[in-house]
Amino acid sequence: MYQISNEYRAKMLDQIQTHRLKGTLGGNISFTDSDVIGVSYKNQCSDKKVNVGSVYVGVLKMTFLRDFLNRGSYDKKNITISDGLYLGKDENEDPIWEDIPVGTFYINDAVWTSENMIDITAYDCLSLMDKT
């Protein structure tokens, strides 16, 4: 569980919220939501029903607008992402964001589309525990 500020809690109740996405690819290449056209994250069960001792794997799917690495060099690279919530402005009129880590994922599949975008499927570290 991540600690969040009281300001974050208050902004979570607003009907209109402004979020941002940011992260790193391979540990050293930064990206923001302006580099991404689509993102989805979900946890999935490794079986059709919930079982004690089962592994529940987080799946991240992202579509990047541009190529960050050479083809073939995405395999097993990690993606770390965070979701930021806009809290307002400080006394200097600078924006205040509070970023919450979503997680670290390992790229399993990178597919180039005909529009030169990259569809990535990545799994969190629990996928390493999913053995037959």
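Residues numbered from 1 in each chain as written. Predicted model: local features only at pLDDT ≥ 70, side-chain atom pairs only at ≥ 80, totals over all residues. Heavy atoms only, no water.

(A) A look at the packing of aromatic side chains. According to the stated counting rule, one finds four aromatic pairs in the structure shown. Here the aromatic rings of Phe31 and Phe64 are separated by 5.1 Å at their centres, their planes lie at 85 degrees, and the arrangement is edge-to-face. Here Phe64 lies in strand E4 (residues 56–64) and Phe31 lies in strand E2 (residues 29–32), a separation of 33 residues in the sequence. On the basis of relative accessible area, Phe31 is assigned to the buried category, the value being 2%. (Phe/Tyr/Trp six-rings, centres within 6.5 Å; stacked < 30°, edge-to-face > 60°. Helix = DSSP H or I, 4+ residues; strand = E, 2+ residues; numbered from the N terminus. Buried < 20%, exposed > 50% of the residue type's maximum accessible area, 1.4 Å probe, protein only.)

(B) Region of the structure containing the environment of Met117. Counting through the fold element by element, Met117 comes out in the loop between strand E6 (95–112) and strand E7 (118–124). What makes Met117 buried here is its relative accessible area of 16%. Taking the C-alpha atoms as reference points, Met117 and Asp67, 50 residues apart in sequence, are found 7.1 Å from one another. Aside from chain neighbours lying at most four places away, what touches Met117 is Ile37, Thr63, Phe64, Leu65, Val111 and Trp112. (Contact = heavy atoms within 4.5 Å.)

(C) How the structure looks around the pairing of E6. Where strand E5 (residues 78–89) and E6 come together, 11 bridges link them in antiparallel fashion. By the bridge assignment, Asn78 is partnered in E6 with Tyr106. What sits between the antiparallel neighbours E5 and E6 is a turn of five residues, in which Glu93 has the positive phi angle 65 degrees. Examined bridge by bridge, E6 and E7 share seven bridges and lie antiparallel to one another. Looking at the pairing, Trp112 lines up with Ile118 of E7. The antiparallel pairing of E6 with E7 creates a hairpin that spans five residues between the two strands, and Asn116 there sits at a positive phi of about 65 degrees. (Pairing = 2+ DSSP bridges.)

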